[in-house]
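# Analysis of the macromolecular model
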Amino acid sequence: MITEQIRRLGASCDWSRERFTLDEGLTQAVREAFVRLYEKGLIYRGPRLINWSPGLKTAVSDLEVEYSEEPGKLYYFKYVIKGLGTRDQGLGIRDQEFIPVATTRPETILGDTAVAVHPEDDRYKKFIGKMAVVPILGREIPVIADEYVDREFGTGALKITPGHDPNDYEIGQRHGLELISVLDKAARVNIHGGPYQGQDRFEARANLWEDMRAAGLVIKEEEYIHQIPRSQRGGEIIEPMVSTQWFVNIKPLAEAAIQSVRDGRIKIVPARFEKVYFNWMENIRDWCISRQLWWGHRIPVWYCDDCGEITVAREDPSECAHCGSPNIKQDPDVVDTWFSSGLWPFSTLGWPDETPDLAYFYPTTMMETGYDILFFWVARMIMMGLEFTGEVPFSEIYLHGLIRDESGKKMSKSYGNVIDPLVVMDEMGTDALRFTLLVSSTPGNDMNLSLKKVEANRNFANKLWNGTRFVLWAIGTLGNGKLGIGKLGNGKLGNGKLGIGKLGNGRLVYQDTEPIYQYTSIPNTNIPTTSIPNTNFPTTNLPAYTLADSWIWARLQSLIRDVDRLFSNHQYGEAGRQIYDFFWNEFADWYVEIAKLQIASGGERAFVTTRTLVKVLDLSLRLLHPFIPFVTEELWQHLRHSTLNSPLSALASDWPDALIIAPYPEPRQEQDWEAEKTANFESIKEIVRSIRNLRAEKNVKPGTRIPAIFAAGEMTSLIESQAATIASLAKLDESQISILQSLDEKPEGHVALVVGPVEIYLPLSKLVDVAEERARLEKELVEADGQIQRLEKLLASPFAEKAPPTVADKERDRLAGFKETAQKLKGQMEGMT
C-alpha cells in the first residue's frame, strides 16, 4: 500500500531495487553489524533502567516515548526521620520530625531507597546522614545530599526511586543506592510491594495513599498538570523499569557522528537543527536495542544450558562455542527496528559485501526526511555509516516539517481531522496536492494543509491547460500556412537561414541576447519538410521583437536565475511560488493577452510572436515539471508534437521524447538590455493597471472606449510606441489618444492619474466627486511619501555599502521615481478647485 501511494504521488524511483526490511541480504547485514559491535565491546547485556511498555510488554526507545501534558495530582506526605522528635511541654506527647516530600506517583514510594535534599538547604541540613522510614513498609533509607535537588520546587526535597525514574537512577548511581523494582512486566506490584503485591500500579496508588492518610502521613493534595510518558505505538503510560536487556555503548559512535557535522562533512538544513542534534548526541545514553516483539531481526545470540556461556555468531551455530554442547537456545528478542534502519544507506547496496552498487552509490548526496525522526533514523545512519564504512552516508540532511490541519492541529483519527491524500488526489488531482505541499512548505517548519489551497492549485493546473491550448492554437495557425490575415513566403528555405536564427542541425542553444533561439550552423542546411503540413513561412528578415516579447523573455531568464538560487538554498517552496506567479500573473495575464493582439496583426509579427510563445511555454513547463509532473508532461507532449509538425519544427528538433528527461533550464548571466526592457514594460503595466482601477472605481462600462491625454515627459517615445497596447488593454480609444511631453495646464473635465513621470488625463469629470478625487490623490501621496521615507532610510544604512552596486542603484532609481510621483501628485492637488 505504501509503495502504491508513493507511486501515485509521482515518485520516479528504480522500483527494481526495492528492498524490504527482512530481506535475506539485510538480515545478513544486521547480524554482521551486531557481531562487529559485540566483538569491539560496544554491545553488552545487563540490567539497566529502560522504558517499559506494559501493553506491548516490551522495552521501547527513549525516542518512542511521547510526553503529553495531562491533569494529575501532586501528593504531599511526611517522610518520618528515625529517632528525631520534639516534646510538647503541656501534654508530654513526642512528635516525630519529618521531611515533607511531594510526588506524582505514590505507588513508587514502595521502591524508594533514599530521600535527597540540597547540601546547602538550611531547612534540611540537620537531616543529612540520618535514616528515614518508608511509609507502611517500614524500611529504613538514608537522607542524602545532592546538588541536583531544586530547592525552589515543591518542598525542596526528593524521594529517590532508582528503579522507576531516570533522574533518580542517575542519582542512585552516584550514591551507590540499591535498585528496587516494585512492578512486574504487566505493571503490577511484585513481591517488594508488601501488602500491595499483585495490585495494578494505579490500584496500588489509591490503596497506599489511603493507608498513609490513616497513618497520619498525608499532608495535602494539589491539582497538577504534568508530563505523562506514553507509548508512541500503544498509547499506554510508559513505566521506567530496571530490566536485563542488550545495549550499545553509543558514546564512541556518537562522538564520530558529532564531529562529521562540526567539520562540515554533513550539513543539516535548516541549520538551527544542528544545535538540537549536538545537544541530543552529546547527552546520549546507552542504546537499548533489544525488543520483546514478534517482528524483527532476531538477536544473533545463543545461550548454553550446560555451561551458561553465550555464543554470538554470524551464522546459526549447532553447538556452544565454549563447551561444545548442542543444548543451546537463541535469544528470543529482536533488535530495535532503528538498528536495522541505521544500516539502510549501505545494507541495501549489498554491504557487507563489496558490491559494484556499494562502490558506485555510497555515499549519497542528500537525505530528505521529517525533522521528527532526526534521532530515530538520521543520527543512527550517520553513526552506523561512519562505524562500518568509514564514510558519512550523505553530505546533506534536508528536514521538512510535519503536515497539520488548516488550524495547525496535529492530524489524528480521534480529532477527526485526518486528510487522506488518496481521496484528495481522486477529487483534485495529484499535481494539485503535490504543488500545495511543496509551495506551502519551508525547511524544518510544519505546514497547515487546507483543502482550499489544494483547490486553488487545481485551478492553476487548469490555467496551465488553457494557456497551453492557446499556444497550440497559435502553432496551428502557422501549420495551415496562415499567419493572421495572410500567407507568407513561397515555401522555400533558401540558404537555410530564417531571420537571424540559423537552421543548421536544429540543436537548441539559448542565445544570451534578446529572446531568440539560435541554432548551431553546420554545412548541411537541408531541412526536412515532410512533417510540415504547409511550409509557407517567411524567408526574409523577421521584424524586431516587441517590448512585450523582450520583457517576457527577460522575466523568464530572471526567473530561471532565481529558481536556481532558491534550489541551491533548499527554498523549494519559494521557487514554486515564483514560477506560479510568473506563469499566471505575467505570462498568462499579460503576455498572452498582448500575443493575441500581435498574432491578429498577421504576417511576420504573428510568426515571431508564436515562436516566443513556444519558447516561453517550453521552459515554463520544464521549470514546473518537478512540482507538477503529470499535467506538465501531458501538456509538453502536445507542445512537442504540434511544434514538430509546424514551421517551427526546428525549435523542438532536439527535444527528447519525454519532459521527465528533458534538460532543466540553466541560468544565463543577466544581459544589459534586460533591466531596461523590464523597467519599460513594468511602466506600461502600471499605466494600464492605474487606468483599469480608475475605470472600476467610476463604474465605467467594460466595453466603453474612452479618450486619454498623456503628458509623458521623458517617457514620451515609449508611450508612443506602446500606444496600441495600452489602448487595447486599458480599453482606450486609440484614435483619441494624445501623447505630449508636457501640459501647461490640466485639461478641464478630466481626472488625473500619475504613474512615475507620466500624467494621464481621462474625461471622467461627470463621474467624479471633487472631495473623493482629492482623498484619492492624498492617499496616493501618503503611499509615495511612505516609500520615500523607507528607501531613504534604507540607502542611509549600511545596506548601501554592503549590497551589490546594481541592487543599490535599483533602489536609488526607485527612490527617484517615488519622489517624482509625489511631486506630480502635489501639483495635481494644487490645481484642484
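Please refer to the structure placed before this passage.
Here is a short report on the structure shown in this document. (Residues numbered from 1 in each chain as written. Predicted model: local features only at pLDDT ≥ 70, side-chain atom pairs only at ≥ 80, totals over all residues. Heavy atoms only, no water.)

### Considerations on the side chain of Ser-347
Structurally, Ser-347 can be placed in helix α8 (residues 344-347). Given a relative accessible area of 3%, Ser-347 falls into the buried group. Not counting the four nearest positions on each side in its chain, Ser-347 is found in contact with Arg-19, Leu-26 and Ala-29. (Helix = DSSP H or I, 4+ residues; strand = E, 2+ residues; numbered from the N terminus. Buried < 20%, exposed > 50% of the residue type's maximum accessible area, 1.4 Å probe, protein only. Contact = heavy atoms within 4.5 Å.)

### What about the packing of aromatic side chains?
This structure, assessed with the given rule, holds 32 aromatic pairs. Centre to centre, the rings of Trp-280 and Phe-375 are 4.5 Å apart; their planes meet at 25°, and the pair counts as stacked. Of this pair, Trp-280 sits in helix α6 (residues 273-282) while Phe-375 sits in helix α10 (residues 374-389); the two residues are 95 residues apart in sequence, bridging distant segments of the chain. The class of Phe-375 is buried, set by a relative accessible area of 14%. Following the ring pairs from residue to residue traces out a cluster consisting of Tyr-398, Phe-435, Phe-460, Phe-567, Tyr-572, Tyr-580, Phe-583, Trp-584, Phe-587, Tyr-591, Phe-627 and Tyr-664. The positively charged end of Lys-220 is found above the aromatic ring belonging to Tyr-76, 4.6 Å away from the centroid. A cation over a ring is seen here: Arg-262 above Phe-278, with NZ or CZ 3.9 Å from the ring centre. (Phe/Tyr/Trp six-rings, centres within 6.5 Å; stacked < 30°, edge-to-face > 60°. Lys NZ or Arg CZ within 6 Å of the ring centre and 35° of its normal.)

### A short note on the packing of helix α5 (residues 251-262) against α6
The geometry of a pair of packed helices is captured by two quantities: the angle between their axes and the separation between those axes. Across the interface, α5 lies against α6 with an axial gap of 9 Å and an inter-helix angle of 160°. With respect to each other, α5 and α6 are oriented roughly antiparallel. Judged by the sense of rotation from one axis to the other, the crossing of α5 with α6 is left-handed. Across from Lys-251, Ala-254, Ala-257, Ile-258, Val-261 and Arg-262 in α5, the residues of α6 making contact are Glu-274, Tyr-277, Phe-278, Met-281 and Glu-282. Per-class residue counts for the contact of α5 with α6 are 7 nonpolar, no polar and 4 charged. (Axes fitted to C-alpha atoms, helices over the stretch in contact; angles between N-to-C directions. Parallel < 35°, antiparallel > 145°, perpendicular 65-115°, else oblique. Left-handed = near helix turned anticlockwise from the far one by under 90°. Nonpolar A, V, L, I, M, F, W, Y, C, P; charged D, E, K, R; others polar.)

### Section: unusual backbone geometry
Outside of glycine, negative phi angles account for most residues, and trans bonds account for most peptide bonds. Omega for the bond connecting Val-269 with Pro-270 falls within 30 degrees of zero, at 0°, which places this linkage in the cis form. Among the secondary structure elements, Pro-270 is positioned in the loop between β11 (267-269) and α6. The omega angle of the peptide bond from Tyr-362 to Pro-363 is -5°, so this bond is cis rather than trans. By the element assignment, Pro-363 lies in the loop between α9 (356-361) and β18 (366-370). A positive phi angle is found at Lys-57, which is not glycine, with a value near 55°. The residue Lys-57 is located in the loop between β1 (43-53) and β2 (58-60) in this model. Of note, the phi angle at Ile-136 is positive, near 65°, even though the residue is not glycine.

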